[in-house]
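Take a look at the letters that make up each chain.
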Amino acid sequence: MDNGAGSYRRFLDGDDSGIVEIIRDYKDGLTLYLNGYVRNIFTAEELMEETFFRLMTKKPKFKGKSSFKTWLYAIGRNTATDYLRKQSKTALQDEMSDEIISEENSVEKEYLKEESKIRLYKAMKRIKPEYEQVLYLTFFEGCSNEQAASVMKKNRRQIENLVYRAKKALKVELEKEDFTYEGL
């Protein structure tokens, strides 16, 4: 039996100085080993403490099939594996939550955008057909004033005036419903 095994046996028999010796003899090496596993010295220190806590509370049986140090490091590795598994699961859940929230926000924005378009189209039906036509061409179809002028058989200056008056008329219609549209 090597020194760690003897100290552990004494601890199991009720001598608390046995666990103190184990911690003193193995804490630094175990921490460095765990640091190689998790790549974070602070996390490695926490996992080292967790390993010794498991040793003290669960009191697993040491069968002597390997050295005490090998057995202790295997417990540490299992503790680190549990930690990493939990971290990856938490990260995945956080990522999925963020995606779900993002999708919900996106769906809500799309719904509100569609609702706004419907209200806008209804209000456009209540203004002069010429105003409706020029707004449709310039805002919804993305036509330039020159392109709208060509379609409507007007000159650019007439289109500019029409757009101005159409926006004003549409704004009045939308205000009747307490609705504002950022493009006006």
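Quick caveat, the model's predicted, so the values are computed rather than measured.

## Quick word on the side chain of Thr 79
- Counting through the fold element by element, Thr 79 comes out in helix α4 (residues 68-124).
- Ignoring sequence-local partners within four residues, the contact set of Thr 79 consists of Leu 47, Glu 50, Thr 51 and Arg 54.

## Quick word on a positive patch on the surface
- Residues Arg 9, Lys 61, Lys 63 and Lys 65 make up a contiguous surface patch of positive charge.
- Summarising the element assignment, Arg 9 is placed in helix α1 (residues 3-12).

## Regarding the packing of helix α6 (residues 145-152) against helix α7 (residues 156-176)
- It is at 8 Å that the axes of α6 and α7 come closest, and there the two elements cross at 100°. As the angle between them shows, α6 and α7 are arranged roughly perpendicular. Two secondary-structure elements touch here, α6 through Asn 145, Glu 146, Ala 148, Ala 149 and Met 152 and α7 through Arg 156, Ile 159, Glu 160, Leu 162 and Val 163.
- A breakdown of the residues in the contact of α6 with α7 according to their chemical character gives 6 nonpolar, 1 polar and 3 charged.

## Some thoughts on the pattern of salt bridges
- Applying the stated criterion across every chain yields a total of 13 salt bridges.
- Three or more residues joined by partner-sharing salt bridges are found here, namely Glu 50, Arg 54, Asp 82 and Arg 85.

The rules we used
- Residues numbered from 1 in each chain as written.
- Predicted model: local features only at pLDDT ≥ 70, side-chain atom pairs only at ≥ 80, totals over all residues.
- Heavy atoms only, no water.
- Helix = DSSP H or I, 4+ residues; strand = E, 2+ residues; numbered from the N terminus.
- Contact = heavy atoms within 4.5 Å.
- Patch = residues over 30% accessible without salt bridge, like charges linked within 9 Å, V, L, I, M, F, W, Y side chains within 5 Å.
- Areas by Shrake-Rupley, 256 points an atom, 1.4 Å probe, with all protein chains shown as cover.
- Salt bridge = Lys/Arg side-chain N within 4 Å of Asp/Glu carboxyl O.
- Lys, Arg positive; Asp, Glu negative; His and termini not counted.
- Charge placed at Lys NZ, Arg CZ, Asp CG, Glu CD.
- Axes fitted to C-alpha atoms, helices over the stretch in contact; angles between N-to-C directions.
- Parallel < 35°, antiparallel > 145°, perpendicular 65-115°, else oblique.
- Nonpolar A, V, L, I, M, F, W, Y, C, P; charged D, E, K, R; others polar.

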